[in-house]
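Now for the letters of each chain:
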Amino acid sequence: MKRILIALSGGVDSAVAALLMKEQGYAVSAAYMKNWINEENVIGNCPWQQDIEDARAVADTLGIEFQVLNFIRDYRERIVNYLIDGYQRGITPNPDVMCNREMKFGVLLDWALARGYDAVATGHYCIRRDDPQSGQPQLYEGMDKNKDQSYFLSMITPQQLRHALFPVGHLRKPELRALAAAAGLPNAAKKDSQGICFIGEVRINDFLEKFIPDSPGPIQNTAGKVLGEHRGLHRYTLGQRKGIGIPSNSDFNHYVVVRKDYTTNTLVVAFDSKEVADLWQSTMRLHSLSWISEPVQSLFPADHSTTTGIRLLAKPRYRDASTPITYQHQNDGSAIIHFDEPQRALASGQVCALYLGERCLGGGIYH
């Protein structure tokens with residue numbers, strides 16, 4: 001009998017994952033990853049204590065072993081430092097994507113395998129299928145397209161996917177809640193969590209101000225006219241419209257952030273328009289490419305030609321629909337992707353997930 005470790009978050013998705021694993025006859029244990037305790041007193045809702053109580057109540061209801069694992073140091077080193085460093089360097093990190101690769105299927109999976117578990121199961125809305133010919137595990141979008149989370153798993157490795165299970169990927173959210181209620185799970189009606197992975201409902205600027213000091217500078221339009229003063233470039237992201245601090249000239253034409261110039265500490269804004277080249281882009285370079293299944297490489301031209309491209313789909317960001325692209329592999333290991341339709345506000349540091357139909361091939365980071 002396979003031993004499965006369920007990553008219980010306190011939410012209903014992972015609770016139903018545990019329920020289904022037990023019903024399928026696995027030897028199931030559960031663990032809550034304690035990664036953050038709001039030690040910097042960041043303003044916001046950091047509900048880890050309630051989440052632990054909810055996770056423990058689920059485990060008690062299901063009659064499975066439960067423990068709390070302290071990964072605070074690992075989380076600080078692998079996620080918080082990555083987040084802070086990224087904003088300090090002027091890029092837009094994605095802690096949720098990295099949290100899956102570095103924590104759930106990194107630190108937690110290593111912990112589980114070292115103790116004889118065969119796999120880690122989570123409440124992600126995605127589907128794992130093993131290729132019938134190669135036997136290699138492959139990742140697909142979840143059945144519920146409104147909840148699909150394959151994007152957040154686009155940077156995990158083949159070895160990680162080999163030891164990953166996603167029991168709820170074939171369900172839609174209403175079906176999942178109905179299962180939770182029918183089983184008497186205590187968090188069946190619990191509201192879905194929002195915010196930074198494992199930190200909670202904390203505004204990113206409230207979080208960052210505890211680590212990055214403000215550095216005020218000018219706000220200029222694309223013609224160089226000074227319109228106001230910003231508090232620090234790390235507080236703004238490409239495409240941002242609200243909270244810039246300068247008034248627009250009408251209800252129909254709003255200033256948006258189109259560039260952050262770190263050499264002059266200048267925030268550049270313009271009226272939102274497809275004519276603004278810095279805001280709308282058709283071509284992007286990806287670095288730090290990560291492939292989920294080894295056979296993916298067979299899709300590329302044998303000579304890795306920079307001129308020959310293949311047709312794929314991409315999710316430029318989470319919640320974005322899959323959009324057609326031409327993918328061109330580069331000899332330096334990076335890639336150039338050409339979107340059929342211009343994309344708005346693709347910021348350096350963000351993750352782009354790559355797909356062949358509903359199959360997630362992997363992902364890369366915008367240069």
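Being a predicted model, the structure only gives us computed values, none of them experimental.

Participant: Give me the lowdown on the packing of aromatic side chains, citing residues and values where you can.
Facilitator: Counted according to the given criterion, the structure contains eight aromatic pairs. Ring centres 6.4 Å apart and planes at 25° place the aromatic pair Trp-111 and Tyr-117 in the stacked group. Using a relative accessible area of 16% as the deciding quantity, one classes Trp-111 as buried. Residue Tyr-117 is classed as buried on the basis of its relative accessible area of 6%. Centre to centre, the rings of Phe-207 and Phe-211 are 5.0 Å apart; their planes meet at 50°, and the pair counts as tilted. Summarising the burial analysis for this pair, Phe-207 and Phe-211 share the class buried. Three or more aromatic residues link up through ring pairs in this structure, and these residues are Tyr-151, Phe-152 and Tyr-318. Note that Arg-3 overlies the ring of Tyr-117, its terminal NZ or CZ placed 4.1 Å from the centroid.

Participant: Account for the packing of helix H3 (residues 72-88) against helix H4 (residues 95-114), naming residues and giving values.
Facilitator: The relative placement of two packed helices is expressed as an angle between their axes plus a distance between the axes. Two elements in contact, H3 and H4, have axes separated by 10 Å at closest approach and are oriented at 165°. Classed by the angle they form, the pair H3 and H4 counts as roughly antiparallel. Both H3 and H4 take part in a crossing whose hand is right-handed. Each of Asp-74, Tyr-75, Arg-78, Ile-79, Tyr-82 and Leu-83 in H3 lies in contact with H4, whose residues at this interface are Pro-95, Met-98, Cys-99, Glu-102, Met-103 and Val-107.

Participant: Outline the pattern of salt bridges, supporting the account with residue identities and numerical values.
Facilitator: In this structure the tally under the stated criterion is 22 salt bridges. Put simply, Asp-332 and Arg-285 hold a salt bridge, and the shortest N to O gap is 3.8 Å. Of the two residues, Asp-332 sits in the loop between strand S14 (323-329) and strand S15 (335-344) while Arg-285 sits in strand S12 (residues 280-291), which places them 47 residues apart along the sequence. With a relative accessible area of 32%, Arg-285 lands in the partly exposed category. Here Arg-311 makes a salt bridge to Asp-340, at a shortest N to O gap of 2.7 Å. A residue pair is termed long-range when its members are at least 10 positions apart, and Arg-311 in strand S13 (residues 310-315) and Asp-340 in strand S15 qualify at 29 residues. Given the relative accessible area of 41%, Asp-340 is considered partly exposed.

Participant: With reference to specific residues and values, describe the state of the cysteines.
Facilitator: Following the criterion strictly, the structure yields zero disulfides and no others. Sulfur of Cys-126: no disulfide; nearest cysteine sulfur belongs to Cys-360 and is 8.9 Å away.

Participant: Describe the nonpolar core, naming the residues involved and giving the relevant values.
Facilitator: Formed by 45 residues in total, the largest nonpolar core has its most connected members in Leu-5, Phe-71, Met-103, Leu-108, Leu-139 and Phe-166. At the level of elements, strand S1 (3-7), strand S2 (27-34), H3, H4, helix H7 (204-208), strand S16 (351-356) and strand S17 (359-366) are the ones that each hand at least two residues to this core. Every residue in contact with Leu-139, bar those within four places of it in the chain, is listed here: Cys-126, Ile-127, Ser-150, Leu-153, Leu-161, Phe-166, Ile-292, Glu-358, Arg-359 and Cys-360. Of all hydrophobic cores here, the second largest spans 32 residues; its members include Ile-4, Ala-15, Val-168 and Ala-188.

Participant: Kindly report on the sheet that holds S2, identifying the contributing residues and their values.
Facilitator: Ordered in space as S3-S2-S1-S4-S7, the five strands form an open sheet in which the pairing is parallel. Each of the sheet's edge strands pairs with one partner strand only, and the pair in question is strand S3 (65-70) and strand S7 (164-165). When S1 meets strand S4 (residues 119-121), the two strands line up parallel, connected through three bridges. Paired with Leu-5 across the two strands is Val-120, which belongs to S4. Strands S2 and S3 of the sheet are contacted by helix H2 (residues 48-62), whose axis makes an angle of about 155° with S3.

So, how was this worked out
Residues numbered from 1 in each chain as written. Predicted model: local features only at pLDDT ≥ 70, side-chain atom pairs only at ≥ 80, totals over all residues. Heavy atoms only, no water. Phe/Tyr/Trp six-rings, centres within 6.5 Å; stacked < 30°, edge-to-face > 60°. Buried < 20%, exposed > 50% of the residue type's maximum accessible area, 1.4 Å probe, protein only. Lys NZ or Arg CZ within 6 Å of the ring centre and 35° of its normal. Axes fitted to C-alpha atoms, helices over the stretch in contact; angles between N-to-C directions. Helix = DSSP H or I, 4+ residues; strand = E, 2+ residues; numbered from the N terminus. Parallel < 35°, antiparallel > 145°, perpendicular 65-115°, else oblique. Left-handed = near helix turned anticlockwise from the far one by under 90°. Contact = heavy atoms within 4.5 Å. Salt bridge = Lys/Arg side-chain N within 4 Å of Asp/Glu carboxyl O. Disulfide = S-S within 2.5 Å. Core = buried A, V, L, I, M, F, W, Y, C linked by side-chain atoms within 4.5 Å. Pairing = 2+ DSSP bridges.

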